[in-house]
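Per-entry structural report
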Amino acid sequence: MESRLSRAGLAVWTLGVVLFLWIPLLIILVYAFNTSNIQSWPIPGFTTHWFSVAWHDQEARSALVLSLKAALCATGVALVLGTMAAVGVSRFRFFGREAVSFLLILPLALPGVITGIALSSFYTFWGVPFSLWTIVIGHATFCVVIVYNNVIARLRRTSPSLVEASMDLGADGWQTFRFVTFPVLSTALISGALLAFALSFDEVIVTLFTAGAQNTLPIWILGKIRLGQQLPEVNAVVFVVIVLTIIPVIVSQRLAQDSGLLRRR
Amino acid sequence: MTRHHRRVLGWSATALVVAGLAVTAAGCGSSSSSKSGTTTTASNLPTSIGKGEGKLSLIAWEGYTQPDWVKPFEKKTGCKVTAKYAGSSDEMVTLMRQGGGQYDMVSASGDASVRLIRGGDVQPMNPKLIPDFKNFIGALKSPAHNTVDGVHYGISLQWGPNTLLYNTQKVKPAPTSWSVLYNPKYKGQITIPDNAIQIADAALYLSKTQPDLGITDPYELNQKQFDAAVSLLKQQRPLLKKHWALASDEIDLFKNGDASLGASWPYQTNTLEADKVPVKDLIPKEGATGWADTWMLSSKSKHPNCAYMWTKWVSTPKVQAQQAIYFGETPANTKACAVMNQLSAGSCKQYHADAPASYFDSIKFWKTPLADCGNGKTDCIDYNQWQKAWTEITG
Amino acid sequence: MSARTEPAGRPSWAARRRFSSAFWRRPWLKGAALLGLPVGGYLLIYVAALGVLFISAFWSLDPLSGKIVHTWGLGNFRTLWHEHTYWRIAGRTIGIAAAVTVTDVILAFPFAYFMARVASPRLRAVLFVIVLLPLWSSYLARIYAWRLILSNDGALNWSLGGLGLPHQHIAYTNWAMWIVFSYIWLPFMILPIYAALERIPDNFIEASRDLGAKNWTTFRRVVLPLALPGVIAGSIFTFSLTLGDYITPILVGNTQFIGNVVYRNVLGLSYDLPFAAAFAIVPLAVMGIYLVLARRAGAFEAL
């Protein structure tokens, strides 16, 4: 199809981009073994001591747990609200249908700092104390649209007559959802949930405005960067998180393959 | 009704609903924003420290809550400490104002403490509950920045100067004056803090180099003096590599060869020296600004007993010495000197813990610039203007 | 549909069926029930918060106590209009956002094309993981790693020195921010372009060749227009993310972005929410216009 030369050129370019994407990541991974407190080039020496420091660090552990909790809650909210909105929009024609899509996409399309200060001042006005739930609401605003997009794309590809057929065969609404709609949506839900979880877990721009005294993992990382005292500990924590993330990433890739995004041709 | 009309009607209705919600929210908001909590007045100060509540939430400068003294405290009192770090007094004030009852104590410097007192964000403390209070140096027992009309709004902690830091191998001969920071010879190698209070440092420099401006107090500037300081900083801007906002910024800058001169805290010097970077710091001949920190108790604190226990703990000679050596500052407790020399020989003298009162008086401590400067002057530039000017300088 | 024999002894089932038949017969009720919660939630929380933010831009701060007063005025806007610092900051932010967007399109397009149309399925799967993993790892740690690369004694100058080239002083300049922003948002640009390119059916390309078009013409007149929604979708991300970011300028830059001014006036320097809100209207307006144009170009399908 494309000429040999252009294929070779594209391959070289791709390699360049891969290096561009991965060199900083490799630096993080390597510097988790830094013997010095301060980051400098080249690396002075190697040690695994920071991993045990991170393991015993109570603040790191509670920050990790809080991040996980917030991400799980936000993903849960996103799954429920996103599916509801997607089913509602795809099945019904009504006034303001496009507006719903636009509304849901706003938090993702507008800069996070705007969401942050809007929510922060909103909470202050109503006297809502900053807590896990204020963080979750902040994250849910942009997580919902991720699930919504996935589900709507999937629903567009399925025929609405499936639901009718199910009803014809005697199922009520809940049974239809459980046995017909949900299996069709399941992979879209999972890949949407994975991406929503990832974005919420690593979110810092909105979270700085909506967290009180709580530290999510990114806020903890920012605090350690400010201190500048034990940076390799941050690298060690990030190292572990990256290694653990490989699994959901591969799952995501498999799902994308199944849904036809990574078609085998 | 045509489809188009329906759409227009529908959109107008939605817009009205949203606007109505917003206005209601704003209206309701105004009433809730004028809430006020119970305040401790001087007459109902606690007379003893009760049982610990198990938790303590602090806003602190980087380096003020090291495990070396936090872990023994947690073990002894059962109060679990969580700290939020702030890089400037402004951040501390904003965190306290925003945080509601989330934070119990803040280690405020002199330029934040008055704002906190005026804003009602901190409550009076009873120095009688702190046994080491009587050993504090005289000037820090009831200083103007934390004691108002005899009421103590916090307990002094430590103090220190803003120093001139330089790389001994790249800056020769060794500097003796703040003028090196304004010298085009070192273009691209200089760093100063990203803090509006830096205008005072420029004013201090001008008070010695341009005495006809008549600057006596770098925090009490009239329009002409203020403009001169701001213009000096604007001239300095192209010479800077970076404004450091976080202590680690300056550490990275010096370690990685990006900067070889800067305004600094002793904390950075200690960290760099520990990592074998060839740096030294000094107080130049024009003198220096400095900070005197106070642990203040939030007026909405949920754990006041743990807070008092913490204050008591960090006022003891041992912890004062540990913190002084770690950060490179000077303890308020006179008894800390001996312990400092035990922990690190010669440190008492190095950090001026045994210095006479004249040394203390030579440092121009941070304080909040107010329009009403005292001494009959009322035309001073207030801090809001300083902040606006700072955005102009760094923007 | 309503006359069905029901198994004895299961009254709850009967109730459920009546419930779902009711929904079936009144589809608008089902629609309202489904959409009520998400849309209602968004309107009451997100849109209301935005509305209050917009309104507070017209308020001001009481100079003595520092509290917000609800007196209406254009004071904040006057300050923004007359103070050329804020023009400079806004211009710099929008300029770098545009530069980053263009850079990312240039970097991402060949990569996405390779991934979608040239690579073998196995390689495609590997590349997918290669793009996704940085996206999912810590944003802060990746930015901080760039300080090491760009600093005076950092990895870049070390490599340049090894090749005999002169040292660069990129650290903490606008160039550094341009590089780091392009790096951080690149996966956000690759994925939509990839999705758009992958959707182009093979027979479109074949038909184009059948009609006599050479490779470059096919690319220009078939592939590119079909990939455009993906490009625009990706550009929405890169533009909007750069417009509001305040962390990267603090860590690797030395100048203020719009996000920094907003951040300073809410969490940093002072609590001047009306002023922050007023300045936040700038990115809001810019993105609003961008989104309207993007919708015209059909990018929302590709998001």
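Residues numbered from 1 in each chain as written. Chains lettered and ligands numbered in written order. Predicted model: local features only at pLDDT ≥ 70, side-chain atom pairs only at ≥ 80, totals over all residues. Heavy atoms only, no water.

The subject of this paragraph is the overall build of chain A. A tally of helices and strands in chain A yields 11 helices and 0 strands. A principal-axis box enclosing the C-alpha atoms of chain A has dimensions of 70 × 65 × 30 Å. Counting over 265 residues, chain A shows a buried share of 57%. Put simply, 69% of the contacts in chain A that link residues at least 6 apart link residues at least 24 apart. In the form shown here, chain A has an accessible surface area of approximately 10800 Å², with 70% of it arising from carbon and sulfur atoms. For chain A, the distance from the average site of its 17 positive side-chain charges to the average site of its 11 negative ones is 8 Å. (Helix = DSSP H or I, 4+ residues; strand = E, 2+ residues; numbered from the N terminus. Buried < 20%, exposed > 50% of the residue type's maximum accessible area, 1.4 Å probe, protein only. Contact = heavy atoms within 4.5 Å. Areas by Shrake-Rupley, 256 points an atom, 1.4 Å probe, with all protein chains shown as cover. Lys, Arg positive; Asp, Glu negative; His and termini not counted. Charge placed at Lys NZ, Arg CZ, Asp CG, Glu CD.)

Next up on the list: the nonpolar core. Nonpolar side chains in soluble globular proteins tend to be buried together. Within the largest apolar cluster, 199 residues are counted, with the highest numbers of intra-cluster contacts made by Leu208(A), Tyr139(C), Leu140(C), Leu197(C) and Ile247(C). Of the residues forming this core, the biggest block, 16 residues, is contributed by helix 4 (residues 84-118) of chain C. Leave out the neighbours within four places in its chain, and Leu208(A) touches Ile219(A), Leu222(A), Tyr246(C), Ile247(C), Tyr263(C) and Leu267(C). With 102 residues, the next largest nonpolar core counts Tyr85(B), Val93(B), Ala108(B) and Trp390(B) among its residues. (Core = buried A, V, L, I, M, F, W, Y, C linked by side-chain atoms within 4.5 Å.)

Let us now look at the packing of aromatic side chains. Residue and element names in this part refer to chain A. Using the criterion set out here, one finds 52 aromatic pairs over all chains in the structure. On the basis of an interplanar angle of 70 degrees and a centroid distance of 6.4 Å, the ring pair of Phe 122 and Trp 126 is categorised as edge-to-face. Placement of the pair is Phe 122 and Trp 126 together in helix 5 (residues 112-126), with a separation of 4 residues, close to one helical turn. Residue class for Phe 122 comes out buried when judged on its relative accessible area of 10%. (Phe/Tyr/Trp six-rings, centres within 6.5 Å; stacked < 30°, edge-to-face > 60°.)

In this section: the interface of chain A and chain B. Opposite the 26 residues of chain A that make contact, chain B presents 35 residues. Across the chain A to chain B interface the summed buried area is about 2400 Å²; carbon plus sulfur atoms make up 53%. For chain A, the biggest contributors to the area lost against chain B are Ile38(A), Arg226(A) and Leu227(A); these three give 29% of the whole. For the pair chain A and chain B, the number of links is 0 salt bridges. At the boundary of chain A and chain B, one finds 4 residue pairs in polar contact (both at pLDDT 80 or more). Mapped onto the side of chain A that touches chain B, the elements with two or more residues apiece are helix 5 and helix 10 (217-227) of chain A. Broken down by class, the residue content of the side of chain A that touches chain B amounts to 11 nonpolar, 13 polar and 2 charged. (Buried area = accessible area lost by both parts, 1.4 Å probe. Salt bridge = Lys/Arg side-chain N within 4 Å of Asp/Glu carboxyl O. Polar contact = N/O pair within 3.5 Å; in protein donor to acceptor, adjacent residues only side chain to side chain. Nonpolar A, V, L, I, M, F, W, Y, C, P; charged D, E, K, R; others polar.)

We now examine the environment of Asp245(C). Mapping Asp245(C) onto the fold places it in the loop between helix 10 (215-244) and helix 11 (247-252). Distance in space between the C-alpha atoms of Asp245(C) and Ala196(C) is 27 Å, their sequence separation being 49 residues. Aside from chain neighbours lying at most four places away, what touches Asp245(C) is Ile205(A), Tyr139(C), Phe181(C), Trp185(C), Phe257(C) and Gly259(C). There is a polar contact of 2.4 Å between the side chain of Asp245(C) and the side chain of Tyr139(C).

This part covers the interface of chain A and chain C. Listed per partner, the contact involves 98 residues of chain A and 103 residues of chain C. Buried surface at the junction of chain A and chain C, both sides included, amounts to about 9400 Å², of which 77% is carbon and sulfur. Seen at the junction of chain A and chain C, the total is 0 salt bridges. One can count 7 residue pairs in polar contact (both at pLDDT 80 or more) joining chain A with chain C. At 15 residues, helix 1 (residues 4-31) of chain A tops the list of elements feeding residues into the side of chain A that touches chain C.

Residues and elements named next belong to chain B. Per-residue pLDDT for chain B has a mean of 85; in total, 89% of the residues score no lower than 70. Overall, residues 25-39 carries pLDDT values under 50, and its contacts beyond four positions in sequence, including any with other chains, amount to 15 contacts. Confidence metrics for the complex model read pTM 0.87 and ipTM 0.88. (pLDDT = per-residue confidence, 0-100.)

Moving on, we get to the domain arrangement of chain B. Residue and element names in this part refer to chain B. For chain B, the assigned domains read domain 1 (46-160 + 291-358) and domain 2 (162-289 + 369-394). Each of domain 1 and domain 2 has a C-alpha centre, and these two points are 26 Å apart. Counting residues at the interface gives 16 residues for domain 1, matched by 13 residues for domain 2. Approximately 1300 Å² of surface area, both sides summed, lies buried where domain 1 meets domain 2, with 52% of it carried by carbon and sulfur atoms. For the domain 1 face of the interface with domain 2, the top three residues by lost area are Glu 62, Trp 291 and Phe 327, together amounting to 35%. Linking domain 1 to domain 2 there are 0 salt bridges. The tally of links between domain 1 and domain 2 comes to 7 residue pairs in polar contact (both at pLDDT 80 or more). Within the residue set of the side of domain 1 that touches domain 2, elements represented by two or more residues are helix 4 (110-118) and helix 10 (317-327). Taken together, the residues of the side of domain 1 that touches domain 2 break down into 6 nonpolar, 5 polar and 5 charged. (Domains from an automatic or database assignment.)

Before going further, it helps to examine the pattern of salt bridges. All names here are of chain B. The tally for this structure, following the rule as stated, stands at 11 salt bridges over all chains. Residue Arg 115 pairs with Asp 90 through a salt bridge whose shortest N-O separation is 2.9 Å. Within this pair, whereas Arg 115 is found in helix 4, its partner Asp 90 is found in helix 3 (residues 89-99), the two being separated by 25 residues in sequence. Using a relative accessible area of 0% as the deciding quantity, one classes Asp 90 as buried. Put simply, Asp 275 and Lys 255 hold a salt bridge, and the shortest N to O gap is 2.3 Å. Here Asp 275, found in the loop between helix 8 (266-274) and strand 12 (279-282), pairs with Lys 255, found in helix 7 (residues 247-255); they are 20 residues apart in sequence, far enough to count as distant.

Turning to the state of the cysteines, a few remarks are in order. Put plainly, two cysteines are in a disulfide when a covalent bond ties their sulfur atoms together. Taken as a whole and judged by the stated rule, the model has 2 disulfides over all chains. Considering cysteine sulfurs only, Cys143(A) is the nearest to Cys73(A), which forms no disulfide, with 11 Å between them. (Disulfide = S-S within 2.5 Å.)

So, on to the side chain of Thr218(C). As for its placement among the helices and strands, Thr218(C) is situated in helix 10. In this structure Thr218(C) touches Ile205(C), Ser208(C), Arg209(C), Ala213(C) and Val223(C), once residues within four positions along its chain are discounted.

This paragraph deals with the pairing of strand 11 (residues 261-264) of chain B. Working note: regular strand, side chains alternate between the two faces of the sheet. Residues and elements named next belong to chain B. Burial along strand 11 is two-sided: Leu 261 and Ala 263 facing one way and Gly 262 and Ser 264 facing the other are all buried. Two strands pair when backbone bridges link them, and strand 8 (residues 163-167) and strand 11 are joined in this way by 4 bridges, in the antiparallel orientation. Bridge pairing links Leu 165 to Gly 262 in strand 11. With 2 bridges joining them, strand 9 (residues 190-193) and strand 11 adopt parallel strand pairing. Considered in strand 11, the bridge of Thr 191 is made with Gly 262. (Pairing = 2+ DSSP bridges.)

The next point concerns the sheet that holds strand 8 of chain B. Residue and element names in this part refer to chain B. As summarised here, the arrangement of the 5 strands in space is 10-9-11-8-12, forming an open sheet in which the pairing is mixed. The sheet terminates laterally at strand 10 (240-244) and strand 12, the two strands that pair on one side only. Averaged over all pairs of adjacent strands, the angle between their axes in this sheet comes to 20 degrees, without regard to strand direction. Sitting on the sheet, helix 8 touches strand 8, strand 10, strand 11 and strand 12, and the angle it makes with strand 12 is about 160 degrees. (Axes fitted to C-alpha atoms, helices over the stretch in contact; angles between N-to-C directions.)

Let us look at helix 5 (residues 198-209) of chain B. All names here are of chain B. Relative to the 16 Å expected for 12 residues at 1.5 Å per residue, helix 5 spans 17 Å between its end C-alpha atoms, a close match to the ideal helical length. Counting buried positions over the 12 residues of helix 5 gives 10, a clear majority of the element. At its buried positions, helix 5 is contacted by strand 9, helix 6 (223-236), strand 11, strand 13 (289-298), strand 15 (364-365) and helix 14 (383-394). (Expected span 1.5 Å × (residues − 1).)

Residues and elements named next belong to chain A. Tracing the backbone through its elements, the reader meets Cys 143 in helix 6 (residues 132-157). Sequence spacing of Cys 143 and Gly 76 is 67 residues, and the spatial spacing of their C-alpha atoms is 9.5 Å. In contact with Cys 143, not counting residues within four places along its chain, are Ala 74, Ala 78, Ala 196 and Ser 200.

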